[in-house]
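# Descriptive structure summary
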Amino acid sequence: EDGEDLYATRAVLEGRAARFAAERITGAECAELARLHREMVRCVTPRDLGRYRELNRQFHTLIFRVSRRSHLVRTLMQRWAACPTMLWSTIPRVAAAAVPGRDQPDEVEHAEIVAAMQAHDPDRAERALRVHVEAAATALLAAMENGA
């Protein structure tokens, strides 16, 4: 239940932050977001899983910081500080190995988020971020239910 609630609130809050970020993101911030995405794509799991998870945290943090919405930033910083890998490192089955079948969708979802930010499209950015977080939740919760 905690995992469900964590991801449901993340989807809403990060989606909202992405909406504002798409309107406010600068060229330099877009470049940084794209760079983080490229670095994640270069990671090979399970060897680079720790690095990947750190880059993922930076990717998401950059988006909500760019929203420049102080309450959203504070709230999301607290969530990420309390749970820096968003529960992935606490589940034995996925703590040291990627979830089977999740690498490719994750890459595609992050690419869509980057594209929405580059297009300065708030609706697309919010939708892309929510879809991404909800898909991650589905994979995580499935891993938990399958005796992870």
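Residues numbered from 1 in each chain as written. Predicted model: local features only at pLDDT ≥ 70, side-chain atom pairs only at ≥ 80, totals over all residues. Heavy atoms only, no water.

## Quick word on the packing of helix H3 (residues 49-66) against helix H4 (residues 70-82)
Formally: Note on geometry: axes are C-alpha line fits, over the in-contact stretch for helices, and angles between N-to-C directions span 0 to 180 degrees. Helix and strand labels come from DSSP, where a helix needs a run of H or I of at least four residues and a strand needs a run of E of at least two; each type is numbered from the N terminus. Should an angle fall under 35 degrees it is called roughly parallel, over 145 degrees roughly antiparallel, and 65 to 115 degrees roughly perpendicular, with every other angle called oblique. By convention the crossing between two helices is left-handed if the near helix lies anticlockwise of the far one by an angle smaller than a right angle, and right-handed if it lies clockwise. The contact rule is simple, with two residues in contact once any of their heavy atoms fall within 4.5 Å. As a working rule, the residues Ala, Val, Leu, Ile, Met, Phe, Trp, Tyr, Cys and Pro are called nonpolar, Asp, Glu, Lys and Arg charged, and the rest polar, with Gly in that last group.
At a minimum axis separation of 9 Å, H3 and H4 run at an interaxial angle of 165 degrees. One way to sum up the angle between H3 and H4 is to call them roughly antiparallel. Along this stretch, H3 crosses H4, giving a crossing that reads as right-handed. Where H3 abuts H4, its residues Asn 56, Arg 57, His 60, Thr 61, Phe 64 and Arg 65 lie against Val 73, Leu 76, Met 77 and Trp 80. For the contact of H3 with H4, the residue count by class is 5 nonpolar, 3 polar and 2 charged.

## Let's talk about the pattern of salt bridges
Here is the rule: Whenever Lys or Arg places a side-chain nitrogen within 4 Å of a carboxyl oxygen from Asp or Glu, that contact is recorded as a salt bridge. Each residue's exposure class comes from its accessible area (1.4 Å probe, protein chains only) as a fraction of the maximum for that residue type: buried when under 20%, exposed when over 50%, partly exposed otherwise.
Under the defined criterion, the tally for this structure stands at 10 salt bridges. A salt bridge links Glu 14 to Arg 10; the nearest nitrogen and oxygen atoms lie 2.7 Å apart. With Glu 14 and Arg 10 both in helix H1 (residues 2-24) and 4 residues apart, the pair spans about one turn of that helix. Take Glu 14 and Arg 10: they sit in the same class, and that class is buried. For the salt bridge of Glu 126 with Arg 19, the shortest nitrogen-to-oxygen distance reads 2.6 Å. Here Glu 126 is found in helix H7 (residues 122-145), whereas its partner Arg 19 is found in helix H1, with 107 residues between them in sequence. Judged by its relative accessible area of 23%, Arg 19 is partly exposed. Several salt bridges converge on common partners, so that one network encompasses Arg 19, Asp 123 and Glu 126.

## A word on the confidence of the model for the chain
Here is the rule we go by: Confidence scores per residue from the predictor, reported as pLDDT, run from 0 to 100.
Looking at the chain, pLDDT values average 87 and 85% of them are 70 or higher. The lowest-confidence element of the chain is helix H5 (residues 92-95), averaging 58 in pLDDT; the highest-confidence one is helix H2 (residues 27-42), averaging 97.

## Thoughts on the nonpolar core
In summary, soluble globular proteins display a tendency toward joint burial of nonpolar side chains. Using the following cut-off: Throughout this description, the term nonpolar core refers to a set of buried Ala, Val, Leu, Ile, Met, Phe, Trp, Tyr and Cys residues connected via side-chain atoms within 4.5 Å.
Counting residues in each nonpolar core, the largest one holds 31 residues, and the members touching the most others are Tyr 7, Leu 33, Phe 59, Ile 63 and Met 117. Of all the elements in the fold, those that place two or more residues in this core are H1, H2, H3, helix H6 (103-118) and H7. The biggest single contributor to this core is H7, with 7 residues. Setting aside residues up to four positions removed in sequence, Phe 59 forms contacts with Leu 33, Leu 36, His 37, Met 40, His 110, Ile 113 and Val 114. Ala 17, Phe 20, Val 73 and Trp 80 belong to the second largest nonpolar core, which has 7 residues in total.

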